[in-house]
Amino acid sequence: MSWNEKLKKIPYGGDYNPEQWPEDVWEEDMKLFRQAGIDTVTLNVFSWAALQPSEDEYNFDRLDKIVKLVTENEMNIIMATSTGAHPAWMAKRHPDILRVDYKGRKRKFGGRHNSCPSSPTYKKYAQRLAMKLAEHYKHQRNIIAWHISNEFGGECYCENCENAFRNWVSDRYKTIYDVNKAWNTSFWGHTFYDFDEIVAPNELSEEFEFMGRAHTDFQGISIDYKRFMSDAILDCYKLERDAIKEIIPDANVTTNLMAFFKPLDYQKWAKEMDFVSWDNYPGPSDSPARIAMSHDLMRGCGDGAPFALMEQTPSVTNWQPYNALKRPGVMRLWSYQAMAHGADSVLFFQMRRSIGACEKYHGAVIDHVGTGNTRVFREITALGKELRDIGNATIGMRTHSDVAIMFDWDNWWAVEYSAGPSKDLAYRELIADYYESLRNMNVNVDIIGQDTDLSKYKVVIAPVLYMVKGDLDERIKNFVENGGTFVTGFFSGYVQENDLVITGGYPGKLRDILGIWVEETDSFGPDKCNSFSYHGQRYPARILCDLLHLETAKMKDDYGYLEDFYHGMPVVTSNKFGRGKAYYIATSSDESFRAAFLSDVLAASGVHSLMYASEGVEVTSREDDTATVIYILNHGDAEGIYELHDEGMEIINGIEFGAGMHKIAPKDVHIIKIMK
Amino acid sequence: MSWNEKLKKIPYGGDYNPEQWPEDVWEEDMKLFRQAGIDTVTLNVFSWAALQPSEDEYNFDRLDKIVKLVTENEMNIIMATSTGAHPAWMAKRHPDILRVDYKGRKRKFGGRHNSCPSSPTYKKYAQRLAMKLAEHYKHQRNIIAWHISNEFGGECYCENCENAFRNWVSDRYKTIYDVNKAWNTSFWGHTFYDFDEIVAPNELSEEFEFMGRAHTDFQGISIDYKRFMSDAILDCYKLERDAIKEIIPDANVTTNLMAFFKPLDYQKWAKEMDFVSWDNYPGPSDSPARIAMSHDLMRGCGDGAPFALMEQTPSVTNWQPYNALKRPGVMRLWSYQAMAHGADSVLFFQMRRSIGACEKYHGAVIDHVGTGNTRVFREITALGKELRDIGNATIGMRTHSDVAIMFDWDNWWAVEYSAGPSKDLAYRELIADYYESLRNMNVNVDIIGQDTDLSKYKVVIAPVLYMVKGDLDERIKNFVENGGTFVTGFFSGYVQENDLVITGGYPGKLRDILGIWVEETDSFGPDKCNSFSYHGQRYPARILCDLLHLETAKMKDDYGYLEDFYHGMPVVTSNKFGRGKAYYIATSSDESFRAAFLSDVLAASGVHSLMYASEGVEVTSREDDTATVIYILNHGDAEGIYELHDEGMEIINGIEFGAGMHKIAPKDVHIIKIMK
Amino acid sequence: MSWNEKLKKIPYGGDYNPEQWPEDVWEEDMKLFRQAGIDTVTLNVFSWAALQPSEDEYNFDRLDKIVKLVTENEMNIIMATSTGAHPAWMAKRHPDILRVDYKGRKRKFGGRHNSCPSSPTYKKYAQRLAMKLAEHYKHQRNIIAWHISNEFGGECYCENCENAFRNWVSDRYKTIYDVNKAWNTSFWGHTFYDFDEIVAPNELSEEFEFMGRAHTDFQGISIDYKRFMSDAILDCYKLERDAIKEIIPDANVTTNLMAFFKPLDYQKWAKEMDFVSWDNYPGPSDSPARIAMSHDLMRGCGDGAPFALMEQTPSVTNWQPYNALKRPGVMRLWSYQAMAHGADSVLFFQMRRSIGACEKYHGAVIDHVGTGNTRVFREITALGKELRDIGNATIGMRTHSDVAIMFDWDNWWAVEYSAGPSKDLAYRELIADYYESLRNMNVNVDIIGQDTDLSKYKVVIAPVLYMVKGDLDERIKNFVENGGTFVTGFFSGYVQENDLVITGGYPGKLRDILGIWVEETDSFGPDKCNSFSYHGQRYPARILCDLLHLETAKMKDDYGYLEDFYHGMPVVTSNKFGRGKAYYIATSSDESFRAAFLSDVLAASGVHSLMYASEGVEVTSREDDTATVIYILNHGDAEGIYELHDEGMEIINGIEFGAGMHKIAPKDVHIIKIMK
């Protein structure tokens, strides 16, 4: 049974920490929750020390009280396991639980995400706590999901991890001979004769900070350590998940992810999760399209299934340099934006603002003033009413996309570990450039990994496809041969899965698909560029400029560089391959170029925008067998317009909308259900 | 007997380190000192290794020689105890004396301020050295003060300190239950079951550098560690002080403070000092008003009593990025500025420029050239003559101020540890903004702590009164009820002494005094702002903008924000409370606004400028029962004017000055004594 | 026998690492090498782990195969000893081989330059490997040089180094009394009673990062540690060199230096090398003149003898922020530039681009594509043909310079450790300013150390001659008395060899030579300056401005400051001293001032430019008893012209060139041999 199957409405609520408050406050909370339409609380996120005061003592009394209270108030529970921060006594008695940091320092007790993932103590007690909670609450019928730990993260370089890494390496490569080959250790005389000679790569060994990023002497070792660490932490997740499932086989288990979180390969993680949930905290300069991209990544990790918005702030964060207020209407707008991209919940961190420690100035449903008489609470209450009205009208619906963008954690690590050709190769940003162009055209986009089936898409875009793993080149070949459109560009096809260059000419195994050979690559700092023209318009050529030769590909309409000694060499190439086409862009240009180029590509591939909408108005859709729901979100500060192709029902307000042009107020949302 | 009671003139001289020189240089020193009017030397600042060559051996022979020499030359002595840097042999034999730094690293021998304040070795030997020095020099009648260590500072995070911290915490909170409450440890599952589980907060535990400042996960722990460390170092001071006083009960004991030195709570320290002394090294961009502010802080720490200017450079510093020369006349001007704000001494670091190590390019009375034939020596000689002429005409006089600005170390720590709402909340700078505005109006200002009696002031200004400790709110209430004027603003009244938020609405316990409720606060980076108008003039609203509601307060003349969704919401409010008035400024604006606003407030409160003076001319006063002395200091590069209200005697040159307008040359000083 | 004596042509080739490739690639390499005219390979640079798989096992089989292969292909070999990176097994079994870093952290296995220079393990095994290689290849006649380790570097602060430092200090100063004197330890009570109390100066003791550079509390200790560390690493070089020479007495032994590499005093190192070799990797903003300066430094270290260009990239580096391609012709141009400044080889890193680890995107003769069909390979092949044609026409020729610039590692360390007067005192840049002005005039320049014989020069320029060691002042005096021209300026003559100030007035022992006394020095940040005029032109006065007094010197034509209180004080002074003249420049100005001033000085000293050449065209010369060879290098992007004084033979193309004006294409090179 999937997590959202039985939901009668979008779960609404969030992280609730009554353990931080005297009990007389609890009743006030219940009153305000009812007033705001809150029906779901995430409990027990950080209570390990309270639940387990010593080695063999467990005490769930207070948690029982809280569970009873919210249950009596007819709320659903997302039950966390509390293992996101270990108890102080445990750190004191079992120092193996403490991490060794990137700089090589053994830590002391403090913070959160503080447990070494290879610590026997941590694993034993985390598993036991999950098991005891499951045992204790297995009959608690309003628990709709189990939430393991919290925002997993935190790399470790201790001896236990070093040994676990050696085992991981041994499992992967079997022989030390193959390790040496995979890591190219003949370079700099790094030959290992025994697995025991391998050390964790950090500032004490192969890595150091250089030009604002982590430099490694051996990409092979460092990328494998990233993989190992992601796996090691995932093992901790699985340990708790399995403990719960042994007792509650049909439990819906998740943990809250963080979208573009570099240390953890969420595409691998999501395979172990019953459903994806994540915490949406955009940065101050993130455009609506960037937020959308995070939602789409998270949905993609879960193979397109609806996900849970596990956390967002109702009003303000506290950890940014300058924490601006969410303007009136924005909390509502972004809540619906999450739904527009596949969320089946609207949850906040946090329900009541804490009074001490480092998150006390993070927004909450109930502010320090303690009443419901605040702008924020009123907005929350209004949204609560809307969500009650909407009910389950959209739950379970899925997004249909003709276009996919490829995003891959191994590539993220490999591109940003690369020594040369440019320190400005920021993988996520280069992907986001393409995503944002497509999002601005109001085209649904899936963000997929390297092992996703490509056949369901018309267009697959894989910018900076630096590392080509497994049979991806074959699958791209099949996709294009069968009529698909493939787009990639500079710094692609260079290496196989161990970051070893595929010799014989870039872009390696993609060379025949693209019909080109990249001979050299020029690199520019931010103050320099080349340029090229496309349809008579001049565009900048930045970061990298490939010097490439056409083989089977064509350079359409002289789209070559305009300057320097490679003047005239192609920038935009296209190659007919079977029934499809493969494009290559030899440089990084600007948004106006991408808009022009992608329009052409989409048009040629038969991909259409969902509808016309004025600037700042975002449009997405979700659907099921019977209906399509169109979300229209006006992120702008002015009234927008959009053109509906079919008539339908606006489900927030229950109003019929005819086909044709409609206005939408600033920050407003229309959700239009069109029956199939 | 207070330290300055018997002085016949302002002590003039400074740090003298003949131990760095062969003895034939000493006689040359004496000759030059006499020539320059030097009459006071600080001896023995860094001689521990020389005085105590091994565990039980002490050798004061060379110091005896030096004392004899300066005594024969009729100089007064400030006798330092030499414990500002421990001997190398001690570090080697007793590693407990070495600190563990913020990054968690055990240090080796080196530098100064290098002793762990909890080290048994350090404490034993420091106390013993002070005792032996006191014993040895108890009959030395020209010792006018004892100077413990030097520029105390240097935090430590070693196990001894960690244990001492646990004891300090235990003394403060008694039970571990109360510790958990004070630090809000239910957040992030930090519950402690035993004092032994507590660790020192540094980069290995709760803190890390973030956005250019120290971030802590638990403000409660970190602020208490600051308090503990300030106390622990103060204990070291007291240990030596008591050792001296046991032998010389009427010794005048001090140590040289450094004004706005964040690690040490000087308001607490000064209570243990017979008189305050401090080292004046302004930064390259410090205005004269900023220097004045440091003097006033130091005077305030000593409860208004005259202090000693223990160090200043005669010419140039060496530790700034670019060490510009003090222009001609500036050394004299700033020496008198110190006196204008309460100093009863003019002392330099250093008498003769050292030839090796890291201060050899710091200015000195006698330069490397070794003669008196330098610009700097000539200026020193001229000032020496003036000070002889002035004699004791100003010694012991005190400053009368109608206006006080509140400055509090706990607030400094708490505001800058705050996670949100803005990283630009620089406590000292926000206070200085107000001070500078007042100083520019030539109003005497006291800088006071939270426990100072407010009743003697007409106006009390407490910007960023974030943490309200003890009964301060009650005392403010009384002050205003009895006719006082109170001014505060954004980010005030939030927390009690443990940085726990006072619930029920900001500004907490100040809410009734101010008659407002602050619902939300918007935050801006440096490139954004809102604006408001005041008396028809438009001013910027920066850093933070409170969204506040009037309760009993009034928003005078529509002084509300001009932009964004909180357009029209009040910026400047005033509240009648008893016979007085309380003002609130909801944002940070610029100097022109503060000048306009503070003029209005001072006028309404009956506070007047000392006199009219043209721009760049600073005016202060000191007084005793019989006379008032007015200091007029022209910091500008052009001739200035000022208007004397009463006739008096200019005591540098002994000239009568009538009431009315007077001119003053650039960089010149007039000191006018007006009999009461 | 010197290394280049028997060469029949310029060695052409470089670092060859076939051990990274399967053997079937090797034959392809040989074919391509022949095609390109490659005749020299550097072998065995990083193979320690392969050569010595365990404590007592050595295996040279693969190296034998490689040696055989390249010998059969008639190539010369530069045989490296492989000790630039130790084996992983050795690090595991003998942790003493691992360094402790500047931050005080014991490192683990990783990277290169990773051995502690005081490690008994490292020394034993490095020496033994060198010995075994020499034994094994002593009859290999095509080994033209032995290459110890690789790019020596890497400071260590471990206990072994600390003890070695104590011994070094004891050897230098004999008594602890003299150590205390040399380091001025009476400052800050640092007196040492025993050598064992001395600790290595790093972040745990006397040093910390401050304002972007390393700060030390005791320059004496820190400079001595730099000297010790340079010596300690040099000892490692000597250990291997001696092991080889014991077996092959006439071996030509070198190691590849890196020009301006601050940690190692190459002037001292070169004395232990049979010939200097170095790796030329200019930074992205280095002008041709800066590259020339590095060549001249390297030639100067070797006392003017021809050196080897051991490494350069044929196309692109990979470790810079943005790795731009060398434009067409630039590889050839810079190869000839090396020869123009004294190189007798043209060698590349690397022959075949590696496929894994951190240098895989560094350019190579054979690219990842694996063929000779690339722009880069074609340019290499063309140059290969030219070098074959040139043959030995220039080998062994030396540079004659009338002008010398003094550069000294002790000064580099001391100036940049100085606490004050300005953080902008960048020693190398201040020297380069003068070099670049002279280079732009096409004057041959020698870069000399403080112990070089001055008598062969007409002009000696010693900017920032801060530390004057030994009898340098006497030798300058003799030089000037005998008619030489000496130029120096601000921050000169301050200290003796231990960084102790020479009292009695700056510039210390140079005061009589220069005829001035510097009383004070003003310091400016980048946003401020004073100014002065020279021949009626106004120039900026930056960084430092000395306030100086003329003694015997003259201030020619009122070249004084134009602003501030030292208006009118001299900037440019000249002093007749014996038959020569000594100039002093009291501030840092711009290139246009230096060009004007140096023109005057050269003219007055009878020094002439090699010839007229248009901007961007560099001219140098080398000569022997029978001929002079003039190198004309057009670094510009436009055609240049130059005026040949005598007729000669252009030896690349074998064409006669008459006296008079000639054109030279952009990036082109003319090498004209003129018989004497």
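1. Overview of the overall build of chain A
Within chain A, the secondary structure is distributed over 17 helices and 29 strands. By the compact-globule yardstick of 26 Å for 676 residues, chain A fits well, its C-alpha radius of gyration being 26 Å. Each of the three principal axes of chain A carries a C-alpha extent, and together these read 75 × 70 × 45 Å. Within chain A, contacts between residues separated by at least 24 positions form 72% of all contacts whose residues are at least 6 apart in sequence. On chain A, roughly 22,400 Å² of surface is accessible, and the fraction owed to carbon and sulfur atoms is 49%.

2. Description of the interface of chain B and chain C
Taken together, the contact pairs 47 residues of chain B with 58 residues of chain C. Together, the buried faces of chain B and chain C total about 4,500 Å²; carbon and sulfur atoms form 56% of this surface. Taken together, the connections running from chain B to chain C amount to six salt bridges. Across the salt bridge formed by B:R375 and C:E520, the nearest N and O atoms sit 2.7 Å from each other. Joining chain B to chain C, the criterion identifies 29 residue pairs in polar contact (both at pLDDT 80 or more). Elements supplying a minimum of two residues to the side of chain B that touches chain C: α2 (48-51), α4 (88-93) and α12 (375-390) of chain B. For the side of chain B that touches chain C, the element with the highest residue contribution is α4(B), accounting for three residues.

3. Here's the deal with the relation of the copies chain A and chain C
With an axial shift of 0.0 Å and an RMSD of 0.0 Å, the rotation relating chain A to chain C amounts to 120°. Those values place the two copies in the arrangement expected of a three-fold rotation axis. Minimal C-alpha distance to the rotation axis in chain A is attained by A:R105, lying at 5.2 Å.

4. Some details on the domain arrangement of chain A
Residues and elements named next belong to chain A. When cut into domains, chain A gives domain 1 (287-396), domain 2 (403-605) and domain 3 (617-675). In this complex, domain 1 contributes 22 residues to the contact, which on the side of domain 3 involves 16 residues. Joining domain 1 to domain 3, the criterion identifies two salt bridges. The closest approach of N and O atoms between D344 and R622, which form a salt bridge, is 2.9 Å.

5. With respect to the sheet that holds strand β11 (residues 346-348) of chain B
All names here are of chain B. Strand order in the open sheet made by the six strands is β7-β4-β3-β2-β1-β11, with parallel pairing throughout. At either end of the open sheet lies a strand with only one pairing partner, and these are β7 (253-254) and β11. Across the face of the sheet, α12 comes into contact with β1 (12-15) and β11 while running at roughly 125° to β1.

6. Observations concerning the interface of chain A and chain C
The interface is formed by 58 residues belonging to chain A together with 46 residues belonging to chain C. Between chain A and chain C, the buried area comes to about 4,500 Å², and carbon and sulfur atoms account for 56% of it. For the pair chain A and chain C, the number of links is six salt bridges. A salt bridge links C:R327 to A:D522; its shortest N-O distance comes to 2.5 Å. On the surface where chain A and chain C come into contact, there are 29 residue pairs in polar contact (both at pLDDT 80 or more). If you list the elements that add at least two residues to the side of chain A that touches chain C, you get β6 (213-216) and β16 (516-523) of chain A. Looking at the side of chain A that touches chain C, the element that brings in the most residues is β16(A), giving six residues. For the side of chain A that touches chain C, the per-class residue count stands at 25 nonpolar, 18 polar and 15 charged.

7. As for helix α3 (residues 61-72) of chain C
All names here are of chain C. Under the 1.5 Å per step criterion, the end-to-end length of α3 is 16 Å for twelve residues, consistent within 8% with the ideal 16 Å. For α3, the secondary structure elements touched by its buried residues are α1 (23-36), β2 (40-43), α2 (48-51), β3 (76-80) and α5 (120-137). Just beyond α3, the residue with positive phi is E74, at close to 60°.

8. A short note on a nonpolar patch on the surface
A surface patch of nonpolar side chains, about 340 Å² in accessible area, is lined by B:W319, C:F208, C:F210 and C:M211. The residue C:M211 is located in the loop between β5 (207-210) and β6 (213-216) in this model. Judged by its relative accessible area of 31%, C:M211 is partly exposed.

9. Re the environment of B:L562
Residue and element names in this part refer to chain B. Its place among the elements puts L562 in the loop between β19 (554-555) and β20 (572-577). Among the residues examined, L562 registers a relative accessible area of 29% and is labelled partly exposed. Along the primary structure L562 and A541 are separated by 21 residues, whereas in three dimensions their C-alpha atoms are 9.5 Å apart. Apart from the residues lying within four places of it in its own chain, the contact partners of L562 are N530, S531, F532, S533, R538 and H567.

10. A word on the sheet that holds strand β19 (residues 554-555) of chain A
Think of a sheet as strands paired side by side through backbone hydrogen bonds, with each pair either parallel or antiparallel. Residues and elements named next belong to chain A. The strand order across the open sheet formed by seven strands is β13-β12-β14-β15-β21-β20-β19, and the pairing between neighbours is mixed. Every other strand in the sheet has two partners, leaving β13 (445-448) and β19 as the edge strands with one partner each. Sheet topology note: the strand β12 (residues 403-406)/β13 ladder contains four bridges and is parallel. By the bridge assignment, V403 is partnered in β13 with V445. Seen against the sheet, helix α17 (residues 591-605) touches β12, β14 (459-461), β15 (485-489), β20 (572-577) and β21 (580-585) and runs at an angle of roughly 175° to β21.

11. Thoughts on the packing of aromatic side chains
Each aromatic ring pair is characterised by the separation of its centres together with the angle its planes make. Enumeration according to the criterion identifies 155 aromatic pairs over all chains in this entry. Note on A:F532 and A:Y539: the rings are 5.9 Å apart at their centroids and 40° apart in plane angle, and the pair reads as tilted. For the residue pair A:F532 and A:Y539, the accessibility class agrees, reading buried in each case. Seen from their ring centres, B:F407 and B:W409 are 5.3 Å apart, and the 80° between their planes marks the pair as edge-to-face.

12. Let's talk about the pattern of salt bridges
Working definition: two side chains of opposite charge can pair if their charged atoms are close together. All names here are of chain A. Going through the model one piece at a time under the given rule, you end up with 158 salt bridges over all chains. The partner of R93 in a salt bridge is E55, and the shortest N-O contact between them spans 3.1 Å. Of this pair, R93 sits in helix α4 (residues 88-93) while E55 sits in the loop between α2 (48-51) and α3 (61-72), and the two are 38 residues apart along the sequence. Classification of R93 as exposed rests on a relative accessible area of 56%. Members of the salt-bridge network, linked through shared partners, are R172, D224, R227, D408, D410 and K469.

13. Structural notes on α5(C)
Residues and elements named next belong to chain C. With 18 residues, α5 ought to run about 26 Å at 1.5 Å a step, and its terminal C-alpha atoms sit 26 Å apart, in line with that. Along α5, the residues that are buried comprise T121, Y122, Y125, A126, L129, A130, L133, A134 and Y137. In this fold, the buried residues of α5 make contact with α2, α3, β3, α4 (88-93), β4 (143-147) and α8 (219-247). Between the side-chain oxygen of the N-cap and the backbone nitrogen of T121 there are 3.3 Å, and the N-cap of α5 in question is S119.

14. Remarks on the side chain of A:N252
Along the chain, A:N252 turns up in the loop between α8 (219-247) and β7 (253-254). A polar contact is formed between the side chain of A:N252 and the backbone nitrogen of A:W3, at a distance of 3.5 Å.

15. Things to note about the side chain of A:T40
All names here are of chain A. With respect to the secondary-structure elements, T40 resides in strand β2 (residues 40-43). Classification of T40 as buried rests on a relative accessible area of 1%. At 2.7 Å, the side chain of T40 and the side chain of D39 are in polar contact.

16. Regarding the pairing of strand β5 (residues 207-210) of chain A
Residues and elements named next belong to chain A. The pairing of β5 with β6 spans four bridges and is classified as antiparallel. Bridge assignment links F208 to a residue of β6, and that residue is H215. Between β5 and β6, which pair antiparallel in sequence order, lie two residues; one of them, M211, sits at a positive phi of approximately 55°.

Parameters and conventions
Residues numbered from 1 in each chain as written. Chains lettered and ligands numbered in written order. Predicted model: local features only at pLDDT ≥ 70, side-chain atom pairs only at ≥ 80, totals over all residues. Heavy atoms only, no water. Helix = DSSP H or I, 4+ residues; strand = E, 2+ residues; numbered from the N terminus. Rg over C-alpha atoms; globule rule 2.2 N^0.38 Å. Contact = heavy atoms within 4.5 Å. Areas by Shrake-Rupley, 256 points an atom, 1.4 Å probe, with all protein chains shown as cover. Buried area = accessible area lost by both parts, 1.4 Å probe. Salt bridge = Lys/Arg side-chain N within 4 Å of Asp/Glu carboxyl O. Polar contact = N/O pair within 3.5 Å; in protein donor to acceptor, adjacent residues only side chain to side chain. Least-squares fit on C-alpha atoms with pLDDT ≥ 70 in both. Domains from an automatic or database assignment. Pairing = 2+ DSSP bridges. Axes fitted to C-alpha atoms, helices over the stretch in contact; angles between N-to-C directions. Nonpolar A, V, L, I, M, F, W, Y, C, P; charged D, E, K, R; others polar. Expected span 1.5 Å × (residues − 1). Patch = residues over 30% accessible without salt bridge, like charges linked within 9 Å, V, L, I, M, F, W, Y side chains within 5 Å. Buried < 20%, exposed > 50% of the residue type's maximum accessible area, 1.4 Å probe, protein only. Phe/Tyr/Trp six-rings, centres within 6.5 Å; stacked < 30°, edge-to-face > 60°.

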